[in-house]
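# Report on the structure
The chain contents come next:
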Amino acid sequence: MNQEEIIAVQQYENALSRVDQSVDKITVLMSSAQSLAQQGTQIMNCFAQLKREQQAYEAQFKELKLKLQSDLIKFQNIVKGAEARLDRHLDYIDKWTNLLLTRDLGTMDSQELQYQRNIMDAIQMANDNFNKELDKLYSL
Amino acid sequence: MGKNKQVQKSSLTDEDLYTMLSDNLVELNEIELFFNGFLQEANVIDESFGTVTNIFNGLSMGVLASMNKSDNEKINRAKAKIALGTFVVGQVAKGVGSFYSYVKTLDRANDILVLKKEKAATWLDSLHRNYDRVLRSEISSRKILTHLASLGYQIDELISNREVYDVKKNLMQMALEQYRKARFNVFSMEFFIAECKAWLKNKHDSNMQQPILQDVNNSIIQEVLFQGDDYEEVIAEFFLGSNEISGSILFVLNDEQLLSHYLSTRKDPLIISDGVENKHINKRVLAIFKDNPALEMSNEFYEIRKEIDEDGEKSRKIFWRLIVTGSLLSTLVSFFNLYLFCRLVMAIDDNTAILSVLAIAALLAFGGLYAKFEEIYKELKNKISKNRENYERYYRYEFALKGGFANRRKKVEEVVGKSFFDRVGKAISSLFDVGDSDDHSFYYEKLIEREYWNPFFVTVSIMLILAIILTKLNLFFVGSLVVLLFAYLKMRMRKKYFYILTFIVVLCVVFLFLYMKGVI
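Residues numbered from 1 in each chain as written. Chains lettered and ligands numbered in written order. Predicted model: local features only at pLDDT ≥ 70, side-chain atom pairs only at ≥ 80, totals over all residues. Heavy atoms only, no water.

Looking now at helix α7 (residues 213-225) of chain B. Residues and elements named next belong to chain B. The largest bend in α7 amounts to roughly 30° and is located at S219. For α7, the set of buried residues is L213, Q214, V216, N217, S219, I220, I221, V224 and L225. After α7 finishes, the residue Q227 shows a positive phi value of roughly 40°. (Bend = angle between axes of the 7 residues up to and from the residue. Helix = DSSP H or I, 4+ residues; strand = E, 2+ residues; numbered from the N terminus. Buried < 20%, exposed > 50% of the residue type's maximum accessible area, 1.4 Å probe, protein only.)

There is a patch of like negative charges on the surface, built from D229(B), D230(B), E233(B) and E237(B). Counting through the fold element by element, D229(B) comes out in the loop between α7 and α8 (231-239). (Patch = residues over 30% accessible without salt bridge, like charges linked within 9 Å, V, L, I, M, F, W, Y side chains within 5 Å. Areas by Shrake-Rupley, 256 points an atom, 1.4 Å probe, with all protein chains shown as cover. Salt bridge = Lys/Arg side-chain N within 4 Å of Asp/Glu carboxyl O. Lys, Arg positive; Asp, Glu negative; His and termini not counted. Charge placed at Lys NZ, Arg CZ, Asp CG, Glu CD.)

All names here are of chain B. When pLDDT is averaged along chain B, the result is 74, and 58% of the positions lie at 70 or above. Every residue in residues 17-28 scores below 50 in pLDDT, and together they form 37 contacts with partners more than four places removed in sequence or on other chains. With pLDDT under 50 throughout, residues 471-476 is counted as low confidence; its partners more than four residues away or in other chains account for 8 contacts. Across the interface, the model reports ipTM at 0.75; the global pTM reads 0.68. (pLDDT = per-residue confidence, 0-100. Contact = heavy atoms within 4.5 Å.)

Now for the nonpolar core. The nonpolar side chains of a soluble globular protein tend to be buried with one another. With 63 residues, the main nonpolar core has L225(B), F239(B), I245(B), V252(B), L259(B), I272(B) and F289(B) as its most contacted residues. Broken down by element, this core gets its largest block of residues, 10 residues, from helix α6 (residues 162-200) of chain B. Look past the residues within four positions of F239(B) in its chain and what remains in contact with it is L253(B), I272(B), H280(B), I281(B), V285(B) and F289(B). Listed in part, the 31 residues of the second largest apolar core include Y57(A), F75(A), L86(A) and V134(B). (Core = buried A, V, L, I, M, F, W, Y, C linked by side-chain atoms within 4.5 Å.)

Opposite charge on two side chains permits pairing when their charged atoms draw close. All names here are of chain B. With the rule as written, the count across this model stands at 25 salt bridges over all chains. Between E256 and K402 there is a salt bridge, with the nearest N and O atoms lying 3.9 Å from each other. Placement of E256 in helix α10 (residues 256-265) and of K402 in helix α14 (residues 351-402) is noted, with a sequence separation of 146 residues between them. Taking relative accessible area as the criterion, K402 reaches 39% and is therefore assigned partly exposed. The partner of R305 in a salt bridge is D268, with the nearest N and O atoms 3.1 Å apart. Residue R305 is found in helix α13 (residues 293-345), and its partner D268 is found in the loop between α10 and α11 (271-277); the two are separated by 37 residues along the sequence. For R305, a relative accessible area of 6% corresponds to the buried category. D268 sits in the partly exposed class, given a relative accessible area of 23%. Three or more residues are tied together by salt bridges with common partners; here these are R162, D166, K169, K290 and D291.

Given below as structure tokens:
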């Protein structure tokens, strides 16, 4: 073989080796792409889940908004009556409290203590009613 | 007793009250639930992107793992590039996920703010009016409470009329519970009004903290019962042995929440149990509030603390004995080793010379070992005191919980940022996935685990250490101990004495060496 032929053969071998390497690279890329494609369903599921969450949020928000508007209308309708009842409970609380404070609270006499307990029961009941009314008003 | 039960039935319990006000007044029911809902959703978003990240990371790891199987350098380089590429894609997905979830959170917080504004606009006038009413009910309940608190009682009289005292106690408890509710209403209303005003100004939160029962109990003790007096001192004086008890102290001693809160703020929360055990507190006084669950809890904690102290003391004693016996034993063995070394290896016949060298070596070995053991002993002592501290922190926290402590609701602005720059900062940090560090520890830290120094394990460990030392004892070891002893002495002794000691030791060694060589 002359010099030119030797160079040509070397070039050919080099080209073959480059092709081999390219083929290997493509194989690696293909295998990576293949496993990526296998995982693709999972990724798609994630995004689908996000979309579902978004839709659910929008529906819930709409529902909440409607409920709130209806609650606010109800609130405006009942607020005056509720406040009047609150005042009535407060009047009871004041009345019974004043009565209790006229008694000897330091006593150790069992009959007197029993009497004071009855008054305290009444105060407690008025307080409970007051709290419940307040709760009812703002729990709408 | 039957009537007491009836009263309790008709009354709302503190739990009812707390749930009622928290759910309906403070946390705004559906809106609040909805807020929590989208925070959960933000987690879902994070998780979804997390899955994507994991997939890419898994791929990059797979490619990297396959690199070892291939010998071709160029292919390996290509694989490394692919691995890096997929890894970067994974990380980007993670960053984008965090950013997306942040933006969603902000969006939804703004959606909800619109609803809150509507509610605030409708409610605010009524809230102002009802705040006056709530104040009126608080003033009314306060009158009864302060009146009862201002009275004084003879302890003997209370103890001798137990039945009457029980009725009285029940009456006082009713007054206290009513006041607690009224006070909580006031705090909640103030908070709620502040929140509504903030919403109307387009802010997510007000500057006020959500009230908790601990605030109420604190204000009852400080502002109502003791009205600015140093209540700790007043109660401490009472325990010194007076026969008189004021209504305010009686309120604190008989109520579980108040007593727990009082104990949680004390330097030593077990002060009452300790006082009774050491007879600083009269048992007669104890009879007044012996049924209080907080006292029972205190006694239980006290018993455990005693056990911890006893265990610590036992460990200390055993360890100390082992230090002494271990050091002596090791010294004897090294003494014997050296003796054999001088006799058999060095073939020295002069007993006086050998014994002098041995005496110094043994002394140094003993000193070295002693120094090393003392170091371990110090560590043991630190461990024991740390153990006690941890336990103290634990029961302080438990008392605080019983005294109404609870984690306050996280403010919306803490999640989405307050100012524009704050938000931009949060958005950027979410993009790079830099999480906020939440410091919930506050000043109460929950103890995760209690750790004991069990005397048995301590003994076994020391025996093992000794066994290792004794079996490996040789001249090199003795030499190391000498160095150790000198290092130790240098740390502990004044410079002047250390140099004098070093000079004497060197002199002795030179003298012995010369003596052994027959120069002297």
